Amino acid sequence: MQTGRLLIYNISDRAGVVDDYIYHMLDELDKYVDKIVVVSEGTLRQEAKKKLAFYAEKILEYPRGGRMTEAIRAVAEAFGWDRLGYYKEIVWVRDTVMGPLVSLGPVFRQMEQKRADFWGISESFLREGAGEGENRNGYFPEYLDDYFLVFRKELVMSREFQDYWENERYDSGFTRKFANLGFEWDVYLDTKEYLDITYEPILTQAVSMIEKKGCPFFAMDAVVRDYTDALLESSGEEGRALVECLQRQNGFDMDLFWQHVLRVGNIADIQKNICANYILSGQTSNRKKEAGQLRIALVIHIYFPELVEECYQYAQSMPEYADVYITTDSEEKKKVIYEKFRHLNCGKLDIRVVPNCGRDVGPFLVETGTYFREYDLICHTHDKKAGQVRPGSIGLAFSDRCFHNSLRSKAFVENIIQTFEDHERLGILMPPPPNHSAYYFTLGKGWSVNFKVTKELADRLGLLVDLDETKEPVAPIGSTFWVRPKALEKLLGHEWKYENFPAEPLPWDGTVLHAVERIYGFCAQDAGYYPGWVLCREDAEREVFNLTQMLYTLNHEIFNKGQILDNIKETAKHLDKRFSMAEQSGRNATMSVATLFLGDADGSYSDKRAEHIARKWEDGHCTFAYTGLEKYDTVQELLFEPTVAKGIEVADFHVSIEDTDGNREEIPSEWITDHGIKLGEKDVFLDEKPGLTIHFQTERRLRNVWIECRIRYELSKESIEQIYSKCKEE
C-alpha cells in the first residue's frame, strides 16, 4: 500500500558499523514508508552497505561533523527538491534512538489528523537562561526532538525550508524559526508535565515516557553518557531504571540493546549508568533451588608458604563440586600446599609448579589457557602481601578486601554464582579498587602510568572498544575476580608464554602485568559482557562511610577556601583550572590564562579573534600587554577574561589603547561593563570565564591594548559574607 512517505535514516557511527538494532528499526519503519534513503555521517563498511541495500533505494555518505544539515543537503542534491516534493511526508529518523517498542501505526494515524506542517514524537525544553546566542532564533521554551521528525509537502516545497538547509545549520531554534514564519507544528506525545522536572524527557524520564506515555523510542545516551552529567539532574538512577524497563517490554530483544551499547560506550560510564554494583549477603544464600550445577573452578597462585593456611580457609567457601587449580614456584612449596589442600572437599585438585615469572598473572594466563573453556565460571585469586606500604595494616586491609569480597563464605560464593545466572550479560565480578590510606590515589588515578601499555595490549589482542585515558579502567586492582571464561576469550586464548612477562624484581608500574590487570573489563566488553563491582554487605556498609568521609574532607577544604560551587562537575572544573596534573592538556598547574577577545562585526566573540597571555596564579597587581593587534579588522568592542576559573575578585581595572595611527588614550570607566557582582570598588565573578566588556563609541583599528588590575584568584571571606547579605536583601 502506498503511503506517500519517504524515510531518511541517518547513521552517525564513527566506525561505519551498522548494528542489528538499525536493521530492526528499518524493518519496522519500512511498513509505513514507500522508499528509504540512508545517509551516513562518514564512510560505511562494505558489509554494512550490502545489508542496507536491501532496504534503501540510495545510500549517501557525507563529511563527518555535518550532522543533520549536511544529511538533508545531501538528499536534496541527490534527488532534487521537486522529486522530494512528490511525497506528502518526509520522515527523518536518527540512529541515536532504539525501538520501536510499540507499533508505529497509531502514531502515523493520530498525526494524520493534525493540521501541522511538521511534527515529531517528543519535545525538549531549552535550559534555564537560554536566550540570544543559545541558538540563532532566541529563546523558545520547547522544541521538537530531532531523532524523529516529519516534514510535510507544503513545508518541504517552501523556499524558506529549502534555503534553510542551504544557508544555516540545524539547531534547536528550527522549531521557533518556522513557527515564526507561519508554519504549524505539533508533537505526538504531550510532555509539558516534565517542564519543571527536566530539560530532556526522552533522556532523563525515559521510563515514564515509555510506560506512561507510550513512547515508541528511547535514547541510548541514558546508559552511555558521562556519569557526571547524569548526576547533574538526578542521583543517577535513569540508566538502571531504563534497562529494567526494557526487560519488562514484551517482544523487545535485549540483545539488540547490549550489542550496540557495549560496542560504542565507554565501559566505565556503562557500568555506572546501569549501576552494575552488587551487594551480597555473606550470611544467607539466595541460590535458587531449581538452579543447575555450573562447571566452576578456583584458580589460585600461592607464593608465600606462611599464607597457605589462609588460602585454604577461603578455598573452603567454594562449592564441593568445584575444581581447584593451584600454582606455585617450587616443589617444596607444592608439598606444603598439598599437605593442606588434600583435605579440601573439591572436585579435581591440580597443583602445578611454574616459573617464578609474572607473579600470579603469568601462571593464570599461561596455565589457565589450557583448560578455561571447560568451565562456566572461574574464580581467580592469590595470596597477598602488600609489602610496599607501611604500616603493614594498610596492605593487610587490601588483602582482606580481596578475599572478603570473593570467597568470604559458602553463602557469599553461592550468591555470586546466582548473580551471574540472574544477569546473563555480566561477564566479570570484582571487588572495587582499594581506596584507604596509600591506595587513595586509585580514585582518580586508576590508570597510573599504565594507559599506553594497556592500549598496546588491547591492540595486540584485537579489542574493539573505547579506551579513554580520561575515564578510569574497570579493573580488579588486586587481581581477584570471578569471571565467565567466555568474557576473557581473547585474553586467555592468546598464546602466552612465561617469557612474555618481566623478571623479578618487578617495576612498581608500567609493565604488561599492570596492563593485564587493567584490561579484564575491556576484554569482557569486547566479548559482549559488562563488568561489575561486588561487595559483601558488611564491607559495603563501611564503604559508604569511607567514601563519604573522603568526599567530605575534600569538599570541606574546597568550600571553605572561598569557592562557591554548585555540583561535582563545577568542582572538578575549578580544580582542573587550578591544579591540573594532566600533562597532555598542555596546561601548567601554576599558570592562568587571560584572554582578550576582539568583537566581530555582529558582536560575537571567537577564538579566531583572540589573544592569550599566561601568568602565574598569584594574587596582586597585574599588567597585561596585548600587542600586534593591527592584524585584525576594526573593532568596536573588546571582551577581557582575566582567567577561566570561577570565584575571583577584580579591582582597580584600567584600560589604555593605541590605534594604528599611534594615538594613545585611557578608556573611561563608563565605557567598561563588568559581568559580575559589584561589591564596592571590586567586581566579584562567580561564573566560569569572568569577563569585562570595553565598548568604544566608534570603530577602532587597534595596535596595542594594555590592561592593569588587581586580581584575587579566590574569594575572600569578606566578599562571601557581602554576597550572602545581598542575596538575603533581594
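The structure contained in this document is the topic of the report that follows. (Residues numbered from 1 in each chain as written. Predicted model: local features only at pLDDT ≥ 70, side-chain atom pairs only at ≥ 80, totals over all residues. Heavy atoms only, no water.)

### Quick word on the sheet that holds strand 6 (residues 118-120)
Turning to step 1, where the next piece is worked out: Within the open sheet, the 7 strands sit side by side as 3-2-1-4-9-6-10. Their pairing is mixed. Across the chains shown, the open sheet's two edge strands, defined by having one partner strand only, are strand 3 (58-62) and strand 10 (185-187). Between one strand axis and the next, the sheet turns through 20° on average, direction left out of account.
Turning to step 2, where the next piece is worked out: In terms of strand pairing, strand 4 (residues 89-94) meets strand 9 (residues 148-152) through 5 bridges, oriented antiparallel. Paired with Glu89 across the strands is Arg152, a residue of strand 9.
Turning to step 3, where the next piece is worked out: Helix 1 (residues 20-29) rests against strand 1 (5-11), strand 2 (35-41), strand 4 and strand 9 of the sheet, and its axis sits at about 170° to strand 1. (Pairing = 2+ DSSP bridges. Helix = DSSP H or I, 4+ residues; strand = E, 2+ residues; numbered from the N terminus. Axes fitted to C-alpha atoms, helices over the stretch in contact; angles between N-to-C directions. Contact = heavy atoms within 4.5 Å.)

### Quick notes on the packing of aromatic side chains
Turning to step 1, where the next piece is worked out: Within the structure shown, the criterion is met by 43 aromatic pairs.
Turning to step 2, where the next piece is worked out: With 4.9 Å between their ring centres and 75° between their planes, Phe257 and Trp258 make a pair best called edge-to-face.
Turning to step 3, where the next piece is worked out: With relative accessibility at 0%, the residue Phe257 sits in the buried group.
Turning to step 4, where the next piece is worked out: Each ring, one from Phe481 and one from Tyr520, has its centre 4.6 Å from the other, and the planes form 45°; the classification is tilted. (Phe/Tyr/Trp six-rings, centres within 6.5 Å; stacked < 30°, edge-to-face > 60°. Buried < 20%, exposed > 50% of the residue type's maximum accessible area, 1.4 Å probe, protein only.)

### A word on the pattern of salt bridges
Side chains that differ in sign of charge can pair as their charged atoms come close.
Turning to step 1, where the next piece is worked out: With the rule as written, the count across this model stands at 50 salt bridges.
Turning to step 2, where the next piece is worked out: The closest approach of N and O atoms between Lys88 and Glu112, which form a salt bridge, is 3.8 Å. With Lys88 in the loop between helix 4 (81-84) and strand 4 and Glu112 in helix 5 (residues 105-112), this pair connects stretches of sequence that are 24 residues apart.
Turning to step 3, where the next piece is worked out: For Lys88, a relative accessible area of 40% translates into the label partly exposed.
Turning to step 4, where the next piece is worked out: Here Arg225 makes a salt bridge to Glu238, at a shortest N to O gap of 3.9 Å. Of this pair, Arg225 sits in the loop between helix 11 (221-224) and helix 12 (227-233) while Glu238 sits in helix 13 (residues 238-248), placing them 13 residues apart in sequence. (Salt bridge = Lys/Arg side-chain N within 4 Å of Asp/Glu carboxyl O.)

### Overview of the packing of helix 18 (residues 361-368) against helix 23 (residues 512-526)
Turning to step 1, where the next piece is worked out: Running from amino to carboxyl end, helix 18 crosses helix 23 at an angle of 65°, the nearest separation of the two axes being 10 Å. With respect to helix 23, the element helix 18 is oriented roughly perpendicular. Residue-level contacts link Val361, Gly362, Phe364 and Leu365 of helix 18 to Leu513, Val516 and Tyr520 of helix 23.
Turning to step 2, where the next piece is worked out: For the contact of helix 18 with helix 23, the residue count by class is 6 nonpolar, 1 polar and no charged. (Parallel < 35°, antiparallel > 145°, perpendicular 65-115°, else oblique. Nonpolar A, V, L, I, M, F, W, Y, C, P; charged D, E, K, R; others polar.)

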